[in-house]
Amino acid sequence: MKIIAYGIREDERPYVENWQWANPDVELVCTGKLLDVESAELARGCDGVVAYQQKSYSAELLKRLHEMNIHNLSLRNVGIDNVDVEAAVKYGFKITNVPVYSPAAIAEFGVTQLLNLLRRTKEYQAKFAKRDYRWAPNISKELNQQTVGIVGAGHIGRVMAHICRGFGARVMVYNHRPKPDLVKAGVFTDSLDELYKESTVISLHVPAVKSTYHMLNRDAFAKMQKGVLIVNMSRGSLIDEPDLIAALDSGQVGGAALDVLEDETKIFNKNMANQPSNYPAFDNLNQRENVLITPHTAFYTDEAVRNMVEQSLDANRELILTGASDKMVSLA
């Protein structure tokens, strides 16, 4: 049995080595290269592929793997929005993900960044850089006084709600399907418009699918309270960036914490020192004192990385041995 793991980072290697030691029946090949049409040749002779990347799993790439008789693909992440699903079905792929690697990692970071917005830490850092150590006029707000609207009641959204309630905030949770336990707890709403209207903070925890594309746009912002804070730890495509910029300019949006951007592959996980970003929306947002941008790092904890490595390799081995895994994603 032979598996190739693409895009292996140095921080993942100890967990990869531990897994290999525990699974001597598998010949595990690792490469730092991302999976694309050219690097796919490295998979020749393998039974399965494990990968984590923001690049597309395109029809051309999947066809290339199919031609090498490889149909087991395990992703070291949750989202499959960069997979050409039609091609995956056409070429007979079985795909797994890591649906729950560490909800706490993302939720904790979301709350951290929300607190940084409320306490205006970026503004204080800018003042410190100028040796200005005065308080005023950067007065802060308290989380316990906020109404936090959480869009999406999956694992991460639920942990986010739990943490925010622990701080004393009022929490509202919207989900496209009712959640009886949240209804019973008195935090569920079946109206997104109601959540927009009542929330002082809106945090996104939904996947990137057709129905959520640019869900936060000019019309959505207009339904919100003036000065609302936006937190997005999910996918960049959920927000129309030009509309967000306009809402920030008008003061309709009072600030944003963004761990994801729509065209983030242009800049994230790259050393851009002394290079132009060629991403005008990023440049505009990044220079604002009320916008916090991080390079898709909410997931990046030792616990999450270990789970992503081990669970994806376990799932790929299961696919090879049995043709199935409890982490298979539906391609229907």
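Residues numbered from 1 in each chain as written. Predicted model: local features only at pLDDT ≥ 70, side-chain atom pairs only at ≥ 80, totals over all residues. Heavy atoms only, no water.

Per an unreviewed UniProt entry, the protein chain carries the name D-2-hydroxyacid dehydrogenase and comes from Limosilactobacillus allomucosae.

Asker: I'd like to hear about the UniProt feature "domain: D-isomer specific 2-hydroxyacid dehydrogenase catalytic" (unreviewed entry) in the protein chain, residue by residue, with values.
Answerer: Under the present numbering, the feature "domain: D-isomer specific 2-hydroxyacid dehydrogenase catalytic" (unreviewed entry) in UniProt falls on residues 8–326. Between the end C-alpha atoms of residues 8–326 the distance is 24 Å, and the span holds 37% helix and 14% strand. (UniProt positions renumbered as here; feature names shortened; annotations may be inferred. Helix = DSSP H or I, 4+ residues; strand = E, 2+ residues; numbered from the N terminus.)

Asker: Residue-level account of the UniProt feature "domain: D-isomer specific 2-hydroxyacid dehydrogenase NAD-binding" (unreviewed entry) in the protein chain, with values.
Answerer: UniProt records the feature "domain: D-isomer specific 2-hydroxyacid dehydrogenase NAD-binding" (unreviewed entry) for residues 112–298 in the present numbering. For residues 112–298, the helix share is 34%, the strand share is 16%, and the end-to-end C-alpha distance is 10 Å.

Asker: Explain the environment of T112 to me, using residue names and the numbers behind them.
Answerer: Mapped onto the secondary structure, T112 falls in helix α4 (residues 103–119). Here T112 falls in the partly exposed class, since its relative accessible area comes to 36%. Once the C-alpha coordinates of T112 and N269 are considered, the two residues, 157 residues apart in sequence, prove to be 21 Å apart. There is a polar contact of 2.9 Å between the side chain of T112 and the backbone oxygen of E108. (Buried < 20%, exposed > 50% of the residue type's maximum accessible area, 1.4 Å probe, protein only. Polar contact = N/O pair within 3.5 Å; in protein donor to acceptor, adjacent residues only side chain to side chain.)

Asker: I'd love a proper account of the packing of aromatic side chains, names of residues and values included.
Answerer: The final tally for this structure, using the stated rule, is four aromatic pairs. With 5.6 Å between their ring centres and 50 degrees between their planes, F299 and Y300 make a pair best called tilted. F299 gets classed as buried once you look at its relative accessible area, which sits at 8%. A relative accessible area of 43% places Y300 in the partly exposed class. Among the aromatic residues, ring-to-ring pairing joins Y52, F299 and Y300 into one connected group. The ring of Y279 carries K266 above its face, with NZ or CZ at 5.3 Å from the centroid. (Phe/Tyr/Trp six-rings, centres within 6.5 Å; stacked < 30°, edge-to-face > 60°. Lys NZ or Arg CZ within 6 Å of the ring centre and 35° of its normal.)

Asker: Tell me about the sheet that holds strand β2 (residues 27–30), and please be specific about residues and values.
Answerer: Spatially, the five strands line up as an open sheet ordered β2-β1-β3-β4-β5, and their pairing is parallel. At either end of the open sheet lies a strand with only one pairing partner, and these are β2 and β5 (94–96). The mean inter-strand angle of the sheet, taken between neighbouring strand axes irrespective of direction, is 20 degrees. With three bridges connecting them, strand β1 (residues 2–5) and strand β3 (residues 48–51) associate as parallel partners. Residue pairing across strands places I3 opposite G48, the latter belonging to β3. Of the strands in this sheet, β1 and β2 touch helix α1 (residues 13–22), which is tilted by about 165 degrees from β2. Here helix α12 (residues 302–322) sits on the sheet and contacts β1, β2, β3, β4 (72–75) and β5; the angle it forms with β4, its principal contact strand, is near 165 degrees. (Pairing = 2+ DSSP bridges. Axes fitted to C-alpha atoms, helices over the stretch in contact; angles between N-to-C directions. Contact = heavy atoms within 4.5 Å.)

Asker: Any details on the layout of surface pockets? Residues and values, ideally.
Answerer: As a volume, the second largest pocket reaches approximately 460 Å³. Along its surface, the second largest pocket is lined by 17 residues, and R9, Y52, Q54, F268 and N269 are the ones closest to its centre. In the lining of the second largest pocket, the residues fall into six nonpolar, seven polar and four charged. Both domain 1 (2–101 + 302–322) and domain 2 (103–293) contribute no fewer than three residues apiece to the lining of the second largest pocket. (1 Å grid on protein atoms, 1.4 Å probe; cavity = no way out; pocket = protein on both sides within 12 Å on 5 of 7 lines; lining within 4 Å. Points joined across faces, edges and corners; volume = space filled by probe spheres on them. Nonpolar A, V, L, I, M, F, W, Y, C, P; charged D, E, K, R; others polar. Domains from an automatic or database assignment.)

Asker: Please provide a residue-by-residue account of the domain arrangement of the protein chain, values included.
Answerer: Taken domain by domain, the protein chain holds domain 1 (2–101 + 302–322) and domain 2 (103–293). Centre-to-centre separation of domain 1 and domain 2, based on C-alpha positions: 31 Å. Facing the six residues of domain 1 at the interface are eight residues of domain 2. Of the roughly 610 Å² buried between domain 1 and domain 2, counting both surfaces, carbon and sulfur atoms make up 58%. Three residues, Q54, D81 and V100, lead the burial of domain 1 against domain 2; their summed loss comes to 67% of the area buried on that side. Linking domain 1 to domain 2 there are one salt bridge. Counting the contacts that link domain 1 with domain 2 gives one residue pair in polar contact (both at pLDDT 80 or more). (Buried area = accessible area lost by both parts, 1.4 Å probe. Salt bridge = Lys/Arg side-chain N within 4 Å of Asp/Glu carboxyl O.)

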